[in-house]
Amino acid sequence: MNKYRKVIKPKEALVKDEDEIRVTAAGSVSAYISRAAKLFNEMEKTYLTITATGNALTKAVTSAEVIKRRFKGLHQITKLGSQEIVDEYEPLEEGL
């Protein structure tokens with residue numbers, strides 16, 4: 001592995017919707033609940049989307065459950081997907 005170097009690819013610029021809450025492993029559940037309250041009350045949105053990957057999935061589920069209890073009349077639609085990650089390596093020496 002010492003004869004190869006990982007190719008660093010530029011990250012794609014993802015556009016975040018106004019009604020989307022992106023959950024991270026470092027964020028707090030209360031911050032996500034506050035954001036949901038702002039979306040429903042101040043911005044008068046009728047729905048929101050919670051997205052998470054990896055270790056943040058448990059916080060996303062917890063946030064969704066708290067939001068459903070706090071704001072009556074909501075329904076949950078769950079969509080699961082997968083994301084394929086491909087690492088590319090280039091040789092440091094010729095002939096490899």
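Provided above is the structure to which this section pertains.
Just so we're clear, the structure is a prediction, and the values are computed from it rather than from any experiment.

Chemist: What exactly am I supposed to notice about the overall build of the protein here?
Modeler: Per the secondary structure count, the protein includes two helices and four strands. In the protein, the succession of α and β elements from N to C terminus is β-β-α-β-α-β. Taken over the C-alpha trace, the protein has a radius of gyration of 19 Å; the compact-globule value for 96 residues is 12 Å, which it surpasses by more than 25%. Taken along its principal axes, the extent of the C-alpha atoms in the protein is 65 × 25 × 20 Å. Put simply, of all contacts in the protein between residues at least 6 apart along the chain, 71% involve residues at least 24 apart. Entry remark: accessible area of the protein is about 8,200 Å², with carbon and sulfur atoms responsible for 51%. Seen as two clouds, the 16 positive and the 14 negative side-chain charges of the protein have centres 9 Å apart.

Chemist: Can you help me understand the side chain of D19 in this one?
Modeler: Mapped onto the fold, D19 is located in the loop between β1 (4-6) and β2 (20-22). The side chain of D19 is buried and forms no salt bridge, while K45, the nearest opposite charge, is found at 5.7 Å. Looking at D19, its side chain comes within polar contact range of the side chain of Y47, at 2.8 Å. In this structure D19 touches L39, K45, Y47, L48 and T49, once residues within four positions along its chain are discounted.

Chemist: Could you clarify how one ought to interpret the layout of surface pockets in this entry?
Modeler: Rolled over the atoms, a probe as big as a water molecule pinpoints where empty space is left. By volume, the largest pocket is sized at about 1,800 Å³. Considering the residues around the largest pocket, the lining is formed by 43 residues, among which E20, I50, T51, A52 and T53 are closest to the centre. Elements with a minimum of two residues in the lining of the largest pocket: β2, β3 (49-51) and α2 (57-70). A total of seven residues in the lining of the largest pocket trace back to one element, the largest contributor, which is α2. Classifying every residue of the lining of the largest pocket by side-chain character gives 20 nonpolar, twelve polar and eleven charged.

What counts, and where the lines are drawn
Residues numbered from 1 in each chain as written. Predicted model: local features only at pLDDT ≥ 70, side-chain atom pairs only at ≥ 80, totals over all residues. Heavy atoms only, no water. Helix = DSSP H or I, 4+ residues; strand = E, 2+ residues; numbered from the N terminus. Rg over C-alpha atoms; globule rule 2.2 N^0.38 Å. Contact = heavy atoms within 4.5 Å. Areas by Shrake-Rupley, 256 points an atom, 1.4 Å probe, with all protein chains shown as cover. Lys, Arg positive; Asp, Glu negative; His and termini not counted. Charge placed at Lys NZ, Arg CZ, Asp CG, Glu CD. Buried < 20%, exposed > 50% of the residue type's maximum accessible area, 1.4 Å probe, protein only. Salt bridge = Lys/Arg side-chain N within 4 Å of Asp/Glu carboxyl O. Polar contact = N/O pair within 3.5 Å; in protein donor to acceptor, adjacent residues only side chain to side chain. 1 Å grid on protein atoms, 1.4 Å probe; cavity = no way out; pocket = protein on both sides within 12 Å on 5 of 7 lines; lining within 4 Å. Points joined across faces, edges and corners; volume = space filled by probe spheres on them. Nonpolar A, V, L, I, M, F, W, Y, C, P; charged D, E, K, R; others polar.

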